[in-house]
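# Structural overview for review
The lines below spell out each chain.
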Amino acid sequence: MPPPLFPPWDLRPLRTRKGLTSLNIDRTYGNFPVREEDHRRRTSTVGMELSGEIAADINWSAFAQYGRVKDHAIQGNVPWKSHWLAARDVITGPNGTPVCRSEAARAEGCVPLNIFSQIPASEALKNYVMSDRDEYRTTTQQLFGAEIHGSAFQLPAGKIGYAFGVEYRKDTLKNEDDPMALSGELVYGGGPGARSELDVSASVKEVFTEVLVPVLADAPFARRVNLELAYRYSDYNTVGGTNAWKAGLIWEPLQGFSMRGVQSRSVRTPNFGELYEPVFTNTTLGSITDPCMVASYYATAERAANCAALGVPAPGIVDPKVGPHVTTGGNPELGPETSDSLTIGFVWQPSFLPNFDLTVDYWDIDIEDVIYQLSYTQVLNLCVDMPSIDNQYCAAQGRNLTPNVPTSQHGILMPAGAALWVKAQQANISRLYANGVDVSLSYRIDVGPGRLGFRLAGTRLIEDVLETTPGVAAGDQRRDGAYTNPKTRATLTTTYDVGNFGMALSSRYWGKGLGNVLAMSGEQYQDNTVPSVTYHDLSARYTFGGHTVNFAVNNLFDKFPPQMGFGEPGIYFGGQVYDLVGRNYNVGWTYRF
């Protein structure tokens, strides 16, 4: 029998016949513990509010609040880079027993790793090749504000309501990572993500005003017409001054039926992660997605011409199983994104059906300078699907032009035209626009000793498009209809309450979608569709005194995520959308005093 930490004997004749001095081996170590993450948080908030009357119909209020969250994040069972490399580099020791090659590693207690074994790792091996990563994160927020509000100027339909005030907010973030992570021992390509050592703050000073004007009241076909106006100026220490506003109209022509419309402008500034996330370069391993590969090269004549212009010979690249070095991370130069939105809808509460209401809203959102991080695949696609390669996306990537020379990025021979590097950091992308319809329906009725309630809330997405390059349709990244962003989604909540006891059944429907919504043709995948899925969650609560006890069963029927026929591995992924855990339970207790 061969020594236990060496290749099986039947591999040795093969190596001899082929003249091989080494073999590339890729495997998943299911015999080691899975990586874990545990958060130990402490949250504290203190605040104070004062209010009073200045005169009739004129009031004032002021508040101050301070909050802090301390988070000790522990990532367990992380491979310890240098120890793992030392443990798998094995030679024959005394009496033919396997030992670690490095004398220094052996002096530190190195335990040889059998990469062919499926037997669960010993405690000694786990203690040598794995470690925990400890990260400490503290966030704080200070809030101060004051306002004067009241009513004045009597109109035929009532007095004008108003409010104006000032606010100040300061947020801080301090992040301290594990020294072993900072040294690269616990952070590396394919491992946990890097974190920045941060001690940063952001503050904003704001002034605002709001006005409610009763235009009509108790008039024919105008039981109520109100005009709402609001404006806010914000001065950020990160991006400077911004302006936000809102104008809305509510019209109630008949009792129980009202229509509404709101036009507004909002501003969102980059958060700490988008600004300061560490710039990190990772190597893409395994099967990759490249528009200049054989399967996609001739998707369009334009793509084929651009791939050729980049140095990719026809008919395209065969998957090299090693992808580009992808650089991602934050961008301190980010600016704010500005959103213009329109909402038009109605509310119906018929008198002949008490406790029933129906709300329907059409919404349209148009965001300029969207803060977004393109994937490396999006960058590669955008480069070759433009009219020419003279664009910012081709400038953000590099391809192999010397196939006979090992690349400086990978140190090995790569096919001609293979993607070597891609820059995909956070950026202000041109535009994102989306629109759809929201529907909400609720009804409550007494049944037996309690009250039965139904609430249905759903969304029909019409379009959702990320426009990366103004005026160039090839740069549009459609997002609606993807399995992560389906056309239809809805939640039906059924409740029954009797005294201090209540139950609820929540049924969540997630519509069908496409695995790759940007697929060039139906031939790109054997099956590019992902079926719809419905989850049911059951919960119960009981209240007594100041106590409330809650019990819940999530994914009541232990629904599996849908199998997906696209990509690799092509089954049971999409954890950001689907439940990958299965039926689970939770119990909670709340005490109010």
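One can find the structure itself at the top, above this paragraph.
Here goes a summary of the coordinates provided. This one's a predicted model, so the numbers in the text were calculated from it and none came from an experiment.

### Here's the deal with the overall build of the protein chain
The number of helices and strands found in the protein chain is eight helices and 26 strands. Considering only C-alpha atoms, the protein chain reaches an extent of 100 × 65 × 50 Å along its principal axes. Expressed as a percentage of its 593 residues, the buried residues of the protein chain come to 36%. Within the protein chain, contacts between residues separated by at least 24 positions form 67% of all contacts whose residues are at least 6 apart in sequence. Taken as a whole, the protein chain presents about 33000 Å² of accessible surface, with 57% of it coming from carbon and sulfur. Considering the protein chain, the positive charge centre built from 50 side chains and the negative charge centre built from 61 side chains are found 5 Å apart.

### Section: the pairing of strand β12 (residues 322-328)
Both faces of the sheet carry side chains from a regular strand, because those side chains alternate between them. When you tally the buried positions in β12, you get six out of seven residues, the bulk of the element. In the sheet, β12 pairs with strand β16 (residues 419-423) via three bridges, with the strands oriented parallel. Bridge pairing in β16 links valine 326 to valine 422.

### Describing unusual backbone geometry
Cis geometry marks the peptide bond from alanine 314 to proline 315; its omega dihedral reads 5 degrees. A positive phi angle, near 60 degrees, is found at asparagine 77, a position not held by glycine. Turning to its location among the elements, asparagine 77 is positioned in strand β2 (residues 58-79). Here asparagine 355, not a glycine, exhibits a phi torsion of approximately 65 degrees, which is positive. Inspection of the secondary structure puts asparagine 355 in the loop between β13 (337-348) and β14 (356-372).

### Quick notes on the packing of aromatic side chains
Tallied over the entire structure, the rule returns 14 aromatic pairs. With a centroid separation of 5.1 Å and an interplanar angle of 85 degrees, the aromatic rings of tyrosine 29 and tryptophan 84 are classed as edge-to-face. Of the two residues, tyrosine 29 is situated in the loop between α1 (11-18) and β1 (36-55) and tryptophan 84 in helix α2 (residues 81-88); the sequence distance between them amounts to 55 residues. Each residue in the set Trp348, Phe352, Phe356 and Tyr443 is aromatic and connected to the rest through ring pairs, giving one cluster.

### Digging into the environment of tyrosine 443
On the secondary structure map, tyrosine 443 appears in strand β17 (residues 427-447). Judged by relative accessible area, tyrosine 443 falls into the partly exposed class, the value being 22%. For the pair tyrosine 443 and arginine 223, spaced 220 residues apart in sequence, the C-alpha separation works out to 24 Å. Tyrosine 443 has contacts with Leu353, Pro354, Asn355, Phe356, Leu452, Gly453 and Phe454, leaving out every residue within four places of it along the chain.

### Overview of α2
Every buried residue of α2 is listed here: His83, Trp84, Ala86 and Ala87. With its buried residues spanning 165 degrees around the axis, α2 presents them on a single face. Along its buried surface, α2 packs onto β2, β3 (90-92), β4 (98-100), α3 (103-107) and α4 (123-129).

### Thoughts on the side chain of serine 507
Relative to the assigned elements, serine 507 resides in strand β21 (residues 501-510). A distance of 2.8 Å separates a polar atom in the side chain of serine 507 from a polar atom in the side chain of histidine 536. Excluding residues that lie within four positions of it along the chain, serine 507 makes contacts with Ala490, Thr491, Leu492, Tyr535 and His536.

### Structural notes on a nonpolar patch on the surface
Residues Phe501, Met503, Tyr542, Phe544, Val549, Phe551, Tyr585, Val587, Trp589, Tyr591 and Phe593 make up a contiguous nonpolar surface patch of roughly 1200 Å² in combined accessible area. Of all the elements in the fold, those that place two or more residues in the nonpolar patch are β21, β24 (533-544), β25 (547-554) and β26 (584-591). Per-element tally for the nonpolar patch: the top contributor is β26, with four residues. The exposure class assigned to tryptophan 589 is exposed, which follows from its relative accessible area of 57%.

### Section: the state of the cysteines
One pass over the structure, following the stated rule, counts three disulfides. Disulfide pairing is shown between cysteine 100 and cysteine 110; the S-S distance is 2.1 Å. Handedness of the cysteine 100-cysteine 110 disulfide follows from its S-S torsion of about -80 degrees: it is left-handed. With cysteine 100 in strand β4 and cysteine 110 in the loop between α3 and α4, this pair connects stretches of sequence that are 10 residues apart. Take cysteine 100 and cysteine 110: they sit in the same class, and that class is buried. Linked covalently through their sulfurs, cysteine 383 and cysteine 394 form a disulfide whose S-S length is 1.9 Å. With the S-S bond torsion at 90 degrees, the cross-link from cysteine 383 to cysteine 394 turns out right-handed. Residue cysteine 383 is located in helix α8 (residues 376-385), and its partner cysteine 394 is located in the loop between α8 and β15 (397-399); the two are separated by 11 residues in the primary sequence.

### Here's the deal with the nonpolar core
It is characteristic of soluble globular proteins that their nonpolar side chains tend to be buried jointly. Judged by nonpolar contacts, the single largest core of 29 residues is most densely connected at Leu374, Val379 and Tyr393. Those elements that provide at least two residues to this core are α7 (301-309), β14, α8, β16 and β17. Take this core: its biggest share by element is six residues, from α8. The residues contacting tyrosine 393, other than those within four sequence positions of it, are Leu374, Val379, Leu382, Cys383, Met386, Thr468 and Thr469. Of all hydrophobic cores here, the second largest spans 13 residues; its members include Phe32, Cys110, Tyr128 and Val129.

### Looking at the packing of α7 against α8
Direction vectors running N to C along α7 and α8 enclose 100 degrees, while the axes themselves pass 8 Å from each other. The angle between α7 and α8 places the two elements in the roughly perpendicular class. Taken together, the residues of α8 that come into contact with α7 (itself represented by Glu302, Arg303, Asn306 and Cys307) are Asn381, Cys383, Val384 and Asp385. In terms of residue class, the contact of α7 with α8 is made up of three nonpolar, two polar and three charged.

### Some thoughts on the side chain of serine 61
Its place among the elements puts serine 61 in strand β2. Apart from the residues within four sequence positions on either side, serine 61 is in contact with Glu49, Leu50, Ser51, Gly145, Ala146, Glu147 and His149.

### Thoughts on the pattern of salt bridges
Under the definition given, this model contains 29 salt bridges. A salt bridge links arginine 508 to aspartate 537; its shortest N-O distance comes to 3.0 Å. Here arginine 508 is found in strand β21, whereas its partner aspartate 537 is found in strand β24, with 29 residues between them in sequence. The class for arginine 508 is partly exposed, based on a relative accessible area of 33%. The exposure class of aspartate 537 is buried, given its relative accessible area of 14%. What you see here is one network of salt bridges that share partners, running through Arg41, Asp71, Glu135 and Arg137.

### A word on the environment of glycine 546
Residue placement: glycine 546 occurs in the loop between β24 and β25. Taking relative accessible area as the criterion, glycine 546 reaches 25% and is therefore assigned partly exposed. Taking the C-alpha atoms as reference points, glycine 546 and phenylalanine 593, 47 residues apart in sequence, are found 6.6 Å from one another. With near-sequence residues (within four places) excluded, glycine 546 lies in contact with Thr590, Tyr591 and Arg592.

Conventions used here
- Residues numbered from 1 in each chain as written.
- Predicted model: local features only at pLDDT ≥ 70, side-chain atom pairs only at ≥ 80, totals over all residues.
- Heavy atoms only, no water.
- Helix = DSSP H or I, 4+ residues; strand = E, 2+ residues; numbered from the N terminus.
- Buried < 20%, exposed > 50% of the residue type's maximum accessible area, 1.4 Å probe, protein only.
- Contact = heavy atoms within 4.5 Å.
- Areas by Shrake-Rupley, 256 points an atom, 1.4 Å probe, with all protein chains shown as cover.
- Lys, Arg positive; Asp, Glu negative; His and termini not counted.
- Charge placed at Lys NZ, Arg CZ, Asp CG, Glu CD.
- Pairing = 2+ DSSP bridges.
- Phe/Tyr/Trp six-rings, centres within 6.5 Å; stacked < 30°, edge-to-face > 60°.
- Arc of directions from axis to C-beta.
- Polar contact = N/O pair within 3.5 Å; in protein donor to acceptor, adjacent residues only side chain to side chain.
- Patch = residues over 30% accessible without salt bridge, like charges linked within 9 Å, V, L, I, M, F, W, Y side chains within 5 Å.
- Salt bridge = Lys/Arg side-chain N within 4 Å of Asp/Glu carboxyl O.
- Disulfide = S-S within 2.5 Å.
- Core = buried A, V, L, I, M, F, W, Y, C linked by side-chain atoms within 4.5 Å.
- Axes fitted to C-alpha atoms, helices over the stretch in contact; angles between N-to-C directions.
- Parallel < 35°, antiparallel > 145°, perpendicular 65-115°, else oblique.
- Nonpolar A, V, L, I, M, F, W, Y, C, P; charged D, E, K, R; others polar.

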